[in-house]
Amino acid sequence: MALVTVGSEQITVNTAIGFTSTELTDSVMQASFQVEDASIRFNTTGVAAVADGSNGEKTGNIGDVVTIVGSRDVANFSAIKKGSTNAKLQVSFEGTGEV
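What you are looking at is a predicted structure, and each value in this text was computed from that prediction instead of being measured. (Residues numbered from 1 in each chain as written. Predicted model: local features only at pLDDT ≥ 70, side-chain atom pairs only at ≥ 80, totals over all residues. Heavy atoms only, no water.)

1. Some points on the packing of aromatic side chains
Per the counting criterion, the structure on display carries six aromatic pairs. Each ring, one from phenylalanine 33 and one from phenylalanine 42, has its centre 5.8 Å from the other, and the planes form 90 degrees; the classification is edge-to-face. Pair check on accessibility: phenylalanine 33 and phenylalanine 42 agree, each one buried. Put simply, the rings of Phe19, Phe33, Phe42, Phe77 and Phe93 touch in pairs and so form one group of aromatic residues. (Phe/Tyr/Trp six-rings, centres within 6.5 Å; stacked < 30°, edge-to-face > 60°. Buried < 20%, exposed > 50% of the residue type's maximum accessible area, 1.4 Å probe, protein only.)

2. Section: the pairing of strand S7 (residues 87-95)
Here strand S1 (residues 4-13) runs beside S7; their pairing, made up of nine bridges, is antiparallel. From the neighbouring strand, serine 8 faces S7, where its bridge partner is serine 92. Two strands pair when backbone bridges link them, and strand S2 (residues 28-36) and S7 are joined in this way by eight bridges, in the antiparallel orientation. Following the sheet pairing, glutamate 36 is matched in S7 by lysine 88. (Pairing = 2+ DSSP bridges. Helix = DSSP H or I, 4+ residues; strand = E, 2+ residues; numbered from the N terminus.)

3. Examining the pairing of strand S3 (residues 40-43)
Residues Ile40 and Phe42 of S3 are buried on one face, and the alternating residues Arg41 and Asn43, pointing to the opposite face, are buried as well. As paired strands, S3 and strand S4 (residues 58-60) are joined by three bridges and run antiparallel to one another. The partner of arginine 41 across the bridge, within S4, is threonine 59. Relative to strand S6 (residues 78-81), S3 runs antiparallel, the two sharing four bridges. Directly across from isoleucine 40, in S6, lies its bridge partner lysine 81.

4. Things to note about the sheet that holds S3
Strand order in this open sheet of three strands is S4-S3-S6, and the pairing throughout is antiparallel. The strands lining the two open edges of the sheet, one partner per strand, are S4 and S6. Pairwise comparison of adjacent strand axes, ignoring direction, gives a mean angle of 30 degrees for this sheet. (Axes fitted to C-alpha atoms, helices over the stretch in contact; angles between N-to-C directions.)

Remember that the coordinates give geometry; whether it matters functionally is a separate question.
Here you go:
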């Protein structure tokens, strides 16, 4: 079955935050986001992301498009700003929904 967009949201990243949308349901299989305004660190371990990367966080830079695959990783996603400027994430959720 092909995945379709089932929701979207914009997240301001300051302190550690995960996806917040009420559209984040069991039907969501992956989330894609574009990083805007500032770099972030993120992980999908279920542990809050830290700016220094000491929990094994990956870096997302301005303009990067990142896809988180798997419902568990989507649910465990956490991001934090890397420097002093807040970042924004433009998020799209894909899953098994009706078009």
